[in-house]
Amino acid sequence: MNVKNPRFEISAVSPKQYPKNNLPEIVLVGKSNVGKSSFINTMINRKNLARTSSQPR
Ligand SMILES: Nc1nc2c(ncn2[C@@H]2O[C@H](COP(=O)(O)OP(=O)(O)O)[C@@H](O)[C@H]2O)c(=O)[nH]1
Ligand SMILES: [Mg+2]
């Protein structure tokens, strides 16, 4: 997958913080420590844009 200039936008905790753009959105759900952040980093070709925990549980 070719992703250009991935960046962290916001960690929103309320709807008024949600980004106002018309980009498509995806949802990634899973319990803690299953590899969500690692999956994101793999998809965007970055080592640690999404912070991963050091220890798999
Ligand atoms: N063995 C194994 N470990 C993984 C895999 N994907 C992620 N991990 C490790 O599992 C831990 C948790 O991953 P992380 O991406 O932080 O999980 P998150 O909490 O779902 O975001 C980290 O130590 C990763 O290095 C995988 O496919 N196999
Ligand atoms: Mg994570």
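Just above sits the structure.
Residues numbered from 1 in each chain as written. Chains lettered and ligands numbered in written order. Predicted model: local features only at pLDDT ≥ 70, side-chain atom pairs only at ≥ 80, totals over all residues. Heavy atoms only, no water.

Draft legend 1. Just unusual backbone geometry, in detail. The phi dihedral of Asn-5 falls on the positive side, at around 50 degrees, and the residue is not glycine. Tracing the backbone shows Asn-5 in the segment before helix H1 (36-44). A relative accessible area of 69% places Asn-5 in the exposed class. Phi at Asn-45 is positive, roughly 60 degrees, even though this residue is not glycine. (Helix = DSSP H or I, 4+ residues; strand = E, 2+ residues; numbered from the N terminus. Buried < 20%, exposed > 50% of the residue type's maximum accessible area, 1.4 Å probe, protein only.)

Draft legend 2. Fine view of the site of ligand 1. Taken together, 13 residues surround ligand 1, and among them Asn-33, Lys-36, Ser-37, Ser-38 and Ser-53 come closest. The separation between an oxygen atom of ligand 1 and a polar main-chain atom of Gly-35 is 3.1 Å. Measuring from an oxygen atom of ligand 1, one finds a side-chain N or O atom of Lys-36 at 2.8 Å. Here ligand 1 has 580 Å² of accessible area as a free molecule, and 60% of this is covered by the chains. Residues that form the shell around ligand 1 fall into these classes: 2 nonpolar, 9 polar and 2 charged. (Near = heavy atom within 4 Å. Polar contact = N/O pair within 3.5 Å; in protein donor to acceptor, adjacent residues only side chain to side chain. Areas by Shrake-Rupley, 256 points an atom, 1.4 Å probe, with all protein chains shown as cover. Nonpolar A, V, L, I, M, F, W, Y, C, P; charged D, E, K, R; others polar.)

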